[in-house]
Amino acid sequence: MIEVENISKTFKLSKKQKKELNTKDEFSHAVKNVSFTCQPGRVFSLLGPNGAGKTTTLRMISTIFKPTDGSIKVCGLDTQKDELAIRKKIGFLTGSTGLYQRLTPNEILNYFGKLYKLSDTEINQRKSELYSLLDMESFQNKRLGKLSTGMKQKVSIARTMIHDPEVVIFDEPTSGLDVITSENIIQLIKSCKDQGKTVIFSSHIMSEVDLLCDDMAIIDQGEILFSGTMDQFRSEMKEKTLTGEFIRIVNEKRAQ
Amino acid sequence: MIFTIFKKELIDTLRDRRTLMAMVIIPLVIFPLIMTVFTSISKSYSKDLAEKTLKVGVLEGQDNNEILAFLDTLQTSGKIELIAYEDSNKLKSEIKENTIHFGVIFPEDFNSSLNGNQTGKVKIFHNSTKLGYKEQLEMILEMKTKALEESRLKKLNITKENINPVELEFQDVASDKEKIGKIAGGILPYFFIIFCFIGCMYPAIDLFTGEKERGTIETILTVPVTRVQLLIGKMGVVVCSGLLAATLSLLGLFLTLNMGTVIEDPKLMEVITGILSPKFILTLYLLLIPLTIFFAGIMIPIAVYAKSFKEAQSIITPLNMIVILPAMVGFFPGIELNLTTSFIPVVNIVLSTKEIIAGTINYGYLGIVFLSSLILAGIAIFFSHKQYSKETNVVI
C-alpha cells in the first residue's frame, strides 16, 4: 500500500534555469500538496501531460527524492525514515531501459539479486522463473548492447521483479516502445495486480489507463486535479471520450 | 555490499573500450612504441649527420692558409666538399637556400696574424635552423685549431702549464644512482602521474556521468544500498583504474628501456634496473594510493555534476594541464623536497620519487608527503560524497 499525504517538492533554480524559465523565483514547485492512496491488488495511474510532476512524485515514492513537505508511507514505512527497508519492497521500472549495456542479463540479475540481499539459491530460483516467464533463456548470456529493444525491456522487467516486490512503480513504462514490447509491460502490470501487489504507474496515454487502472489521479503543474476510481471518473465525464475529458480538466485548470 | 558494487563496476569498466585504451593500450603499447620509434629516428638522424659530407663555400682568390689546406685534405675522405664562390652574397644566399651548409671567409691579414703570433679570425656563415651541422664543423675544426695551438706553444718554447696558472679539478662524490635520481628521476613520476590521472578520467566519467546519461542511475538508486556504499564501490574502481594505468606506464617504460634501443650504456641500465627494488615499489604505492584517491576526488564531483559525457570530458580534460605542470617540476633543477614543497600536491610526489630513486629521501618529509596526501584524499572523499548526495546532481 502507498499512502501519499500532502507532499510537495521544490527545487532550487540555478541562474541558468532562471534565465531559461524567464523567472526571478528562487525555487520551482514541481509538486504541490499532492495526496492519494494506492491499494494492494489495484492499479493506480498518475495521469498528466509532460512536466506535470508525475516522475517527481514517483521518484519521491521510490525514495530517490525526499519530499520538501508532507509524508509518504510505503507498506506502512516512512520514506524519509526507512528508505532502505522500503527499497527492499519496491520495484521501479521506466520506459527508457536503464541497464548496463556491457553486462549480460545473467550478470545484471545476479548483481541486483545480491543488492537485494538474496541468497545465491534464491537468485537462481527467481532467475529460472523469470527466464521461463519472459522467454529469456536464449539471450541470458549475451551482452545487453547486442540485444533488441524488446529483449532489453524483458531484462528490465526481470530486474524489477527479481526480488518479488510488494509494490511496483512504473514511470511511463511504455514510452518510446513498440506495440509488441509495450504489450509485455501491460501483461506484467496485469499479472502484478493478479498477484495482489500494489501497482502505481504514470502515463499520458488515456487508452492505457482505461485498460489497466482501477484508480487514477490527474496531475498538472504539480497539482492533483482529479483523484478517484475509474468508475467515478467515467460517471462524472462531461466529454464523450476519456481523452477529451482529460484535456478538458487540464485546460479548465490552466485557464483559472 | 560495497564489494558487490565494486566487482560489478570493475567488470563493466574493463569491458569499456575507451577506458581500456586509456588504461592499458596507451601506457603499455602506444607509449613504448612512440618512445622506441622516436629514439630510433633520433639515433638514425645523428648517424646520418655524422656520415654526411659538409658542403663548405669559400671565396675565390683567397690566399691559401692552414685551415683551408686542412679542409682541402678532408675532401678526399668525403667529410668535406669545398665549393668556390665569386662573391660573399651569393655564398650567403646559397646557405639560406640550403644548397651549402657553411661559408668560410678569411680576412686578408689571416696568414700574417697567424705568423705574427696573433689571433686569426675566421668568419663562418651558417644556418642555425639546420640542427647539428654547426657542432659537426666545430668538432672537425677543433682538431686543427688545437694542433695550431700546440705548434705555436712549441715555437714559443712554452708549455701548457706556463699559460694555465690554475687547473680546476672537480671530483664528483655523487654516486651514479644519485646522479640519475636527481637528473633523470623526474621522468618516472611525470609519466606515472599523467597516466594515473588519465586512467582515473574515463572510469570516473563512465561510472558517474555515464550512469546518468544511460538512465541506469534511477535503477540503482531504488535498490537497498546507501549512497556512501555506491560512492565507495565506484570510487574504488576509479582509483584501481588510475593505479593500474600508472603501473602499466611504469611497466611500459621499463620494457622500453630493457629493449636496449633507448639506453645503450650498461652502467646506466644497471642503475635503472636496480631502482625496481621491492622497497621502492612499496614506497611508491604508498604515495600513489592517496594521490589517486585525490585525483578521483577531483573528478567524481565534476562527473556527478555534469549532465553528459561530453560536458564531463570538456571540464575534466583541461584539468590535465593543472596536473602536467606540477608533474614537470621534476625536470627543473634546484627544486628540492623541503617543508614547503612536501605540502604541495603532485609536486610533493614528484620530488619524493626523485629523492627515493637517488637514495637521498628524508623520511621526515616523506611522512609529511604521505600524511598531507592522505588528508587531501580524505577531503576529496568528503567532497565527492557531498556532491553525490545532492538529489539534483545525481538524477537528471
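Reading guide: rules and limits
- Numbers given to residues run from 1 along each chain, matching the order in which its sequence is written.
- Written order determines the labels here, with chains lettered from A and ligands numbered from 1.
- With pLDDT at 70 or above as the cut-off, local features in this predicted model cover only qualifying residues; side-chain atom pairs require 80 or more to be listed or tallied, and sums for whole chains, interfaces and linings still use all residues.
- In computing side-chain properties, one takes all heavy atoms of the structure into account and sets aside hydrogens as well as water.
- Only DSSP runs of H or I reaching four residues or more are called helices, and only runs of E reaching two or more are called strands; each is numbered from the N terminus.
- Any residue under 20% of the maximum accessible area for its type is buried, any over 50% is exposed, and the rest in between are partly exposed; the area is computed with a 1.4 Å probe on protein chains only.
- Every residue pair with non-hydrogen atoms within 4.5 Å of one another is taken to be in contact.
- For every accessible area listed, the method is Shrake-Rupley and the probe measures 1.4 Å; residues are considered covered only by the protein chains on display.
- His is not counted, nor are the chain ends; Lys and Arg add positive charge and Asp and Glu add negative charge.
- Every charge is mapped onto a representative atom, which is NZ of Lys, CZ of Arg, CG of Asp or CD of Glu.
- Put simply, buried area is how much 1.4 Å-probe accessible surface two parts lose in total, over both of them, once they are put together.
- A pairing counts as a salt bridge when a side-chain nitrogen of Lys or Arg comes within 4 Å of a carboxyl oxygen of Asp or Glu.
- Any pair of nitrogen or oxygen atoms within 3.5 Å is treated as a polar contact; in protein, a donor-acceptor pairing is required on top of that, and neighbouring residues in sequence qualify only through side-chain atoms on both sides.
- Think of it as three bins: nonpolar holds Ala, Val, Leu, Ile, Met, Phe, Trp, Tyr, Cys and Pro, charged holds Asp, Glu, Lys and Arg, and polar takes everything else, Gly as well.
- Residue ranges assigned to each domain were obtained from an automatic or database domain assignment.
- As a per-residue measure, pLDDT reflects the predictor's confidence and takes values from 0 up to 100.
- The pairing criterion for strands is at least two bridges between them, as found by DSSP.
- In this description, a line fitted to the C-alpha atoms serves as the axis of each element, helices being fitted only across the stretch in contact, and the angle between N-to-C directions of two axes falls anywhere from 0 to 180 degrees.
- Note on terminology: disulfide denotes any pair of cysteine sulfur atoms within 2.5 Å.
- Throughout this description, the term nonpolar core refers to a set of buried Ala, Val, Leu, Ile, Met, Phe, Trp, Tyr and Cys residues connected via side-chain atoms within 4.5 Å.
- Patch construction takes residues with relative accessible area above 30% that form no salt bridge. Like charges are linked within 9 Å, and nonpolar side chains (Val, Leu, Ile, Met, Phe, Trp, Tyr) are linked within 5 Å.
- Take the far helix as the reference: if the near one is turned anticlockwise from it by less than a right angle, the crossing is left-handed, and if turned clockwise, right-handed.
- When the strands point away from the viewer and the path from the first strand over the helix to the second turns clockwise, the crossover is right-handed.
- The span one expects for a helix is its residue count, reduced by one, times 1.5 Å.
- Pairing of aromatic rings covers Phe, Tyr and Trp, the last through its six-membered ring, and needs centres within 6.5 Å; plane angles under 30 degrees mean stacked, over 60 mean edge-to-face, and all others mean tilted.
- Whether a charge lies above a ring is judged from NZ of Lys or CZ of Arg, which has to be within 6 Å of the ring centre and within 35 degrees of the ring normal.

Asker: How should the overall build of chain A be read in this particular structure?
Answerer: When helices and strands are tallied, chain A shows 10 helices and 10 strands. With respect to the principal axes defined by its C-alpha atoms, chain A has extents near 55 × 45 × 35 Å. By residue count, 53% of the 256 residues in chain A fall in the buried class. Sequence separation of at least 24 residues holds for 69% of the intrachain contacts in chain A that already meet a minimum separation of 6. Approximately 11800 Å² of chain A is accessible, and the part contributed by carbon and sulfur atoms is 46%. With 37 positive and 33 negative side-chain charges, chain A shows a spacing of 7 Å between the two charge centroids.

Asker: Would you mind going over the interface of chain A and chain B with me for this structure?
Answerer: Note on interface size: it is often stated as the accessible area lost on association of the parts. Between chain A and chain B, the residue contacts involve 31 residues of the former and 28 residues of the latter. Surface buried jointly by chain A and chain B totals about 2800 Å² across both partners, of which 58% is contributed by carbon and sulfur atoms. A per-residue breakdown of the area chain A buries against chain B is headed by Tyr100(A), Arg102(A) and Leu115(A), which together make up 27% of the total. At the boundary of chain A with chain B, the tally comes to five salt bridges. The salt bridge involving Arg102(A) is made with Asp12(B); its shortest N-O contact spans 3.1 Å. The tally of links between chain A and chain B comes to 10 residue pairs in polar contact (both at pLDDT 80 or more). Where the side of chain A that touches chain B is concerned, the elements lending two or more residues are β1 (2-12), α2 (54-61), α3 (83-89), β6 (90-94) and α4 (105-115) of chain A. Per-element tally for the side of chain A that touches chain B: the top contributor is α4(A), with five residues. Considering only residue class, the side of chain A that touches chain B consists of 13 nonpolar, seven polar and 11 charged.

Asker: I'm lost on the domain arrangement of chain B in this one. Help?
Answerer: As assigned here, chain B comprises domain 1 (53-163) and domain 2 (179-394). Here the C-alpha centre of domain 2 of chain B lies 55 Å away from the C-alpha centre of domain 1 of chain B.

Asker: Looking at this structure, I do not really get the confidence of the model for chain A. What am I missing?
Answerer: One rule of thumb: low pLDDT means the predicted coordinates there are not for detailed reading. When pLDDT is averaged across chain A, the result is 88; 98% of the residues are at 70 or more. Summarising per-element confidence for chain A, the mean pLDDT is lowest in helix α1 (residues 15-21) of chain A (79) and highest in α4(A) (94).

Asker: Quick question: what am I supposed to make of the pairing of strand β7 (residues 167-171) of chain A here?
Answerer: Every other side chain in a regular strand lies on the same face of the sheet, so the side chains alternate between the two faces. Residues and elements named next belong to chain A. In terms of residue burial, β7 counts as a mostly covered element, since five of its five residues are buried. Burial of the side chains of β7 extends over both faces: Val167, Ile169 and Asp171 are buried on one face and Val168 and Phe170 on the other. As paired elements, β7 and strand β8 (residues 198-203) share five bridges and run parallel to each other. Paired with aspartate 171 across the strands is serine 202, a residue of β8.

Asker: I tried to follow the sheet that holds β1(A) on my own but got confused; where do I start?
Answerer: Whenever strands of a sheet pair, they do so through backbone hydrogen bonds, lying parallel or antiparallel. Residue and element names in this part refer to chain A. Overall, antiparallel pairing links the four strands, which are arranged β2-β1-β4-β5 in an open sheet. Looking along the sheet, the strands with just one partner apiece sit at the ends: β2 (27-38) and β5 (77-78). Bridging between β1 and strand β4 (residues 69-74) involves five bridges; their strand directions are antiparallel. When the sheet's bridge partners are listed, glutamate 3 is paired in β4 with lysine 73. The strands touched by α2 are β1, β2 and β4; relative to β1, the strand with the most contacts, the crossing angle is about 115 degrees.

Asker: Would you mind showing me how to read the state of the cysteines here?
Answerer: Here a disulfide denotes one covalent bond, and it connects the sulfur atoms of two cysteines. All names here are of chain A. For the structure shown, the criterion picks out zero disulfides over all chains. The thiol of cysteine 213 is unpaired, and the distance to the nearest cysteine sulfur, on cysteine 38, comes to 10 Å. Given the relative accessible area of 8%, cysteine 213 is considered buried.

Asker: Explain the nonpolar core here, please?
Answerer: One recurring pattern in soluble globular proteins: nonpolar side chains tend to sit buried together. Ile61(A), Phe112(A), Ile193(B), Ile220(B) and Phe295(B) are the most contacted members of the largest nonpolar core, which totals 155 residues. By residue number, the principal contributor to this core is helix α9 (residues 187-214) of chain B, which donates 16 residues. By size, the runner-up hydrophobic cluster in this structure holds 21 residues, among which are Leu54(B), Phe110(B), Ile140(B) and Leu141(B).

Asker: Looking at this structure, I do not really get a nonpolar patch on the surface. What am I missing?
Answerer: Residue and element names in this part refer to chain B. Residues Met21, Ile25, Ile26, Val29, Ile30 and Ile34 make up a contiguous nonpolar surface patch of about 460 Å² in total accessible area. Positionally, isoleucine 34 belongs in helix α2 (residues 17-51). Residue isoleucine 34 is classed as exposed on the basis of its relative accessible area, which comes to 54%.

Asker: For this particular structure, what's the right way to read the packing of helix α15 (residues 347-358) of chain B against helix α16 (residues 363-389) of chain B?
Answerer: In helix packing, the relevant descriptors are the interaxial angle and the interaxial distance, both defined with respect to the helix axes. All names here are of chain B. With their axes 10 Å apart at the nearest point, α15 and α16 run at an angle of 150 degrees to one another. Relative to α16, α15 is oriented so that their crossing is left-handed. On α16, the residues that touch Asn348, Ile349, Ser352 and Ile356 of α15 are Leu366, Val369, Ser372 and Ser373. For the contact of α15 with α16, the class distribution of residues is four nonpolar, four polar and no charged.

Asker: Is there a simple way to think about the pairing of strand β2 (residues 80-85) of chain B in this case?
Answerer: Residues and elements named next belong to chain B. When strand β1 (residues 54-59) meets β2, the two strands line up parallel, connected through six bridges. Paired with leucine 54 across the bridge in β2 is isoleucine 80. As for the winding sense of the linkage, the β-α-β connection from β1 through helix α3 (residues 66-75) to β2 is right-handed.

Asker: When you look at the environment of Thr39(B) in this model, what are you seeing that I'm missing?
Answerer: Residues and elements named next belong to chain B. Checked against the element boundaries, threonine 39 lands in helix α2. The class for threonine 39 is buried, based on a relative accessible area of 13%. For the pair threonine 39 and leucine 231, spaced 192 residues apart in sequence, the C-alpha to C-alpha distance is 43 Å.

Asker: Please explain helix α10 (residues 242-255) of chain A as it appears in this structure.
Answerer: For an α-helix, the turn length of 3.6 residues means that residues three or four places apart are oriented alike. Residue and element names in this part refer to chain A. For α10, built from 14 residues, the straight-helix expectation of 20 Å at 1.5 Å per residue is met to within 8% by its first-to-last C-alpha distance of 20 Å. Those residues of α10 that fall on the buried side of the exposure criterion are Leu242, Gly244, Glu245, Phe246, Arg248, Ile249 and Val250. Buried residues along α10 sit against β3 (43-47), α8 (206-212), β9 (215-220), β10 (223-229) and α9 (230-235).

Asker: What should I look at first to understand α15(B) in this one?
Answerer: All names here are of chain B. Taking 1.5 Å of rise per residue, 12 residues should cover 16 Å, and α15 covers 17 Å from first to last C-alpha, within 8% of that figure. Buried residues dominate α15, accounting for 12 of its 12 residues. Where α15 ends, the next residue or the one after it, glycine 359, has phi of about 75 degrees, a positive value.

Asker: Sorry, what's going on with the packing of aromatic side chains here?
Answerer: Any aromatic ring pair is given by two values, namely how distant the centres are and how the planes are angled relative to each other. All chains considered together, the criterion is met by 11 aromatic pairs over all chains. Judged by centre distance (5.5 Å) and plane angle (70 degrees), the ring pair of Tyr190(B) and Phe191(B) falls under edge-to-face. We note that Tyr190(B), like Phe191(B), is buried. Among the aromatic side chains, those forming a connected cluster through ring pairs are Tyr100(A), Tyr111(A) and Phe112(A). Here the guanidinium or amino end of Arg159(A) rests over the ring plane of Phe112(A), the centre of that ring lying 5.4 Å away.

Asker: Whenever I open this one, the sheet that holds β6(A) confuses me. Can you help?
Answerer: All names here are of chain A. Here six strands make up an open sheet; going across it, the order is β6-β7-β8-β3-β9-β10 and the pairing mixed. Strand pairing shows two members of the sheet lacking a second neighbour, β6 and β10, which therefore form its edges. Neighbour to neighbour, the strand axes of the sheet diverge by 15 degrees on average, direction disregarded. This element, helix α6 (residues 149-161), spans β6 and β7 of the sheet and lies at about 160 degrees to β6.

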